[in-house]
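Coordinate inspection notes
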Amino acid sequence: MQYKKLAQLYEDLSSTTKRLEKIEILSKFLKFLPKEDRDVMYLLEGMIYPEYDDRKIGISNQLAIKAISKATGISPDKVTKEWKTIGDLGEVAKKLFQNKKQSTLHSYILTTEKVIENLRKLPELVGKGTVNKKLALITELMTSASPIEAQYLTRTVIGDLRIGVQEGTIRESMSAAFFDRDKQASEAIQKAIDKANDLAIVFDIARKGKLKGLEKVSLEIGKPIKAMLAQKATSFKEGFEKVGSPCAVEYKYDGFRLIIHKKGKEVFLFTRMLENVTKQFPEVVECILKHVKGNSFILDSETVGFDKKTKEYTDFQAISQRIRRKYDIEKLQEKLPVEVNVFDILYYNGKSLLEKPFEERSKLLRKILTEKKYKILASKQLITDDEKKADKFYKKALADNQEGVMMKNLKSDYRPGRRVGNMVKMKPEERDLDLVITGAEYGTGKRSGWLSSFILSCRGKKKDEYFEIGKVGTGIAEKDNEITFDSLTKLLTPLITSEKGKIAKIKPKIVVSVTYQEVQRSPNYKSGWALRFPRFTALRPDKPLKEIADPKEIEEAFKNQKRNWRFG
Ligand code: AMP
């Protein structure tokens, strides 16, 4: 298919913010999308493979600038200058390609196949000369591009497509194209997407217009699925209202989500970001083979760290390096041991259990798992309709060093990737501190051109002394909010004292209120403290610097938080 057609579709989709109009546009396109072009489904989401595939495009703005420069003959400096004023590199490409003077003798008609072919070569490149090879592959595409093709090619390579199309829109468009937007079909398409996690596969089945085909899509061992997400509750009353009564109350473990697949002697471990982390946790693989019965299964779990000597559970930060580190695994395994807490089972001996009620799944996992403390356990669970009992259980979870509790609907199915309210979380309330911004980092992708991550500091003992305590990038809406990246960038830019790479030092002046979940001792920050999950809540021009938090106040907050005992 000509890339021109896809670029025009992107353009049409961007021209409206109305979902129904987007569905109409996209469904017309899908109706006539030939089977051979099914990989275009990935491009619709700005990808080249299904979401779970590790092979990503991964091109920096700088490299994209070079490609634009090479294809247009305009210097990288000039491209960068345009980028600073326009803000969106795609728009920059479009503008510069309109004035392109170079001969187009070497160009050919760009097809989606060629785009996919070149982009798929990018993640395969390693070693010496990689950057130049990547540049050549992108430039080759750009050289044949029209202004609008260049715009969307640029946005695709830097991972910022901006067409306002999410999975839900694609689902409804397939439903409209092949099933007259029948509600049952929409549901079947969603379930097929949840199980296959691959839009091209689902498109291929949906285009035949048969519900039965969609229903046949199954989970596959070794292919990651999205984890079901939780809503929030602020009281047990609200929790019971949301998930029904009685419900299952479970410890909310403070670790990281691990979805475990097994078939025969093979085990695969995936994070909630769908990354394969099997190699990083050989002891978990061994433990699954030894302590869980069944030929094949998929388990959902939270993996927590504990201190080898004291056997006390540690917080997530303590074990986070185990997820990334790909060398010295044995050493790290010794130093930072983990325990798997299994709370759900999604597949067992060849059959999907997604549609079975939670209580049934929960019972089954408890049957097939042999618990071994500090290796693998079933989640601690209480089935109750009594707020007082639930509260007692919650306090025990906090005392056991965990984050709070989850409340789960006993009859509900498992909805991969959804936050539908079958499961809610209850955690201690967040608290506030007033702090000052002393540094920031320039963003990339959607946030390019803006400062997007901010370093927060508290006061030191001496005058004009500030100590870092955390970094915040959330709690900021990109528009329609009092605090935006744009407004913060404008506010902070005149206060920049020095810049090194993407990091800027900022004169302490802008006071902000942040909420956070917990204070922890930190060897990394000079203040000796780190905030867990800080979020901006307000700018505090009314607060003088001398009134922001000092280490004493933070120590106080630390002492008063419910879980402090484990540190003190
Ligand atoms: P949050 O990350 O705050 O949205 O809370 C949801 C997360 O809690 C899940 O993604 C899991 O990683 C984690 N979690 C810990 N314990 C449980 C449990 N017993 N059931 C479900 N999720 C849990």
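Rules used in this analysis
Here the residue index of a chain counts from 1 through its sequence in written order. Local features are withheld for residues below a pLDDT of 70 in this predicted model, meaning they are given only at 70 or higher, and side-chain atom pairs are given and counted only at 80 or more; totals for whole chains, interfaces and linings count all residues. Derived side-chain values reflect all non-hydrogen atoms in the structure, with water molecules and hydrogen atoms excluded from consideration. For this description, a residue counts as near a given molecule or strand if any of its non-hydrogen atoms is within 4 Å of it. Polar contact is defined as a pair of N or O atoms within 3.5 Å, subject to the rule that within protein one atom must be able to donate a hydrogen and the other to accept it, and that residues adjacent in sequence are counted only when both atoms are side-chain atoms. Numbering of helices and strands runs from the N terminus; a helix is a DSSP stretch of H or I covering at least four residues, while a strand is a stretch of E covering at least two. Each residue receives one of three labels: charged for Asp, Glu, Lys and Arg, nonpolar for Ala, Val, Leu, Ile, Met, Phe, Trp, Tyr, Cys and Pro, and polar for the others, Gly being one of them. Summary of the burial criterion: residues with accessible area below 20% of their type's maximum are buried, those above 50% are exposed, and those between are partly exposed, where the area comes from a 1.4 Å probe applied to protein chains only. DSSP bridges decide pairing: two strands pair if at least two such bridges lie between them. Here the aromatic set is Phe, Tyr and Trp, taking the six-membered ring for Trp, and pairing holds for ring centres within 6.5 Å; pairs whose planes are under 30 degrees apart are stacked, those over 60 apart are edge-to-face, and all others are tilted. Here, a charge over a ring is recorded when the distance from Lys NZ or Arg CZ to the ring centre is within 6 Å and its angle to the ring normal is within 35 degrees. Buried and open spaces are told apart on a 1 Å grid over the protein atoms alone, a cavity being a set of points where a 1.4 Å probe fits but cannot get out and a pocket being an open set with protein on both sides within 12 Å along at least five of seven lines. Residues with an atom within 4 Å of a point are the lining residues. Grid points are joined across faces, edges and corners, and a volume is the space filled by probe spheres set on the points. Annotation comment: domain bounds sourced from an automatic or database domain assignment. Every axis corresponds to a line fitted to the C-alpha atoms, with the helix fit spanning only the stretch in contact, and the corresponding angles, defined between N-to-C directions, vary from 0 to 180 degrees. When an angle is under 35 degrees it counts as roughly parallel; over 145 it counts as roughly antiparallel; between 65 and 115 it counts as roughly perpendicular; any other value is oblique. Contact definition: two residues touch when any of their heavy atoms are within 4.5 Å. We call a set of buried Ala, Val, Leu, Ile, Met, Phe, Trp, Tyr and Cys residues a nonpolar core when their side-chain atoms join them within 4.5 Å. The arc under discussion is defined with respect to the helix axis, by the directions toward the C-beta atoms.

**Here we look at the site of the ligand**
Every residue near the ligand is listed here: E250, Y251, K252, Y253, R257, R272, E302, F343, M406, K408, K425 and K427. Within the contact set of the ligand, an oxygen atom lies 2.8 Å away from a side-chain nitrogen or oxygen of K427. When contributions to the shell around the ligand are tallied by element, the ones reaching two or more residues are β2 (247–252) and β10 (404–408). With three residues, the top contributor of residues to the shell around the ligand is β2. Class assignment for the residues of the shell around the ligand results in four nonpolar, no polar and eight charged.

**Considerations on the pairing of strand β19 (residues 529–532)**
A two-sided burial pattern is seen for β19, the buried positions comprising W529 and L531 on one face and A530 and R532 on the other. Inspection of the sheet shows strand β18 (residues 518–521) paired to β19 by four bridges, in the antiparallel sense. In the sheet register, R521 faces β19, and the bridge partner there is W529.

**A look at the packing of aromatic side chains**
Following the criterion strictly, the structure yields twelve aromatic pairs and no others. Consider the rings of F268 and F270, whose centres lie 6.5 Å apart with planes at 5°: the pair is stacked. Like F270, F268 is buried. Ring geometry for W529 against F558: centres 4.9 Å apart, planes inclined by 50°, an arrangement best described as tilted. Note that W529 is positioned in strand β19 and F558 in helix α21 (residues 551–560), a separation of 29 residues in sequence. In this structure F558 comes out as buried when scored by relative accessible area, which is 4%. An aromatic cluster is present here, built from Y251, Y253 and F393 joined pairwise through their rings. One cation-aromatic arrangement involves K373 over Y374; the distance from NZ or CZ to the ring centre is 4.9 Å.

**Brief notes about the layout of surface pockets**
Here the second largest pocket is characterised by a volume of approximately 1,300 Å³. Contributing to the lining of the second largest pocket are 44 residues, with E45, G159, D160, L161 and K446 lying nearest its centre. When residues of the lining of the second largest pocket are assigned to their parent elements, the largest contribution, three residues, is made by helix α9 (residues 147–157). For the lining of the second largest pocket, a count of residues per class yields 17 nonpolar, twelve polar and 15 charged.

**Structural notes on the domain arrangement of the protein chain**
Under the domain assignment used here, the protein chain contains domain 1 (46–157), domain 2 (229–423) and domain 3 (432–560). Computed from C-alpha coordinates alone, the two centres of domain 1 and domain 2 are separated by 42 Å.

**Describing the packing of helix α14 (residues 236–243) against helix α19 (residues 387–399)**
Across the interface, α14 lies against α19 with an axial gap of 10 Å and an inter-helix angle of 110°. On the basis of their axis angle, the class for α14 and α19 is roughly perpendicular. Taking contact as the criterion, the partners of F236, K237 and F240 in α14 are, on α19, E387, A390, D391 and Y394. The class makeup of the residues in the contact of α14 with α19 is four nonpolar, no polar and three charged.

**A word on the nonpolar core**
If you look at the biggest cluster of nonpolar residues, it comprises 72 residues, and the most contacted ones within it are L6, L26, F29, L30, M41 and M174. Discounting residues that sit within four places of it in the chain, F29 has contacts with M1, L6, L9 and V40.

**Regarding the sheet that holds β2**
The five strands lie next to each other as β1-β11-β10-β2-β9, forming an open sheet whose pairing is mixed. For this open sheet the edge positions go to β1 (231–232) and β9 (381–384), each flanked by a neighbour on one side alone. Here β2 pairs with β9 via four bridges, running antiparallel. Residue pairing in the sheet places V249 in a bridge with L382 of β9.

**Side note on helix α20 (residues 485–492)**
Every buried residue belonging to α20 is among F485, L488, T489 and L492, and all of these are buried. Summarising the axial view, the buried residues of α20 lie within an arc of 100°, below the 170-degree limit, and thus occupy one face. On its buried face, α20 sits against β12 (431–442), β13 (451–459), β15 (496–500), β16 (503–506) and β20 (535–539).

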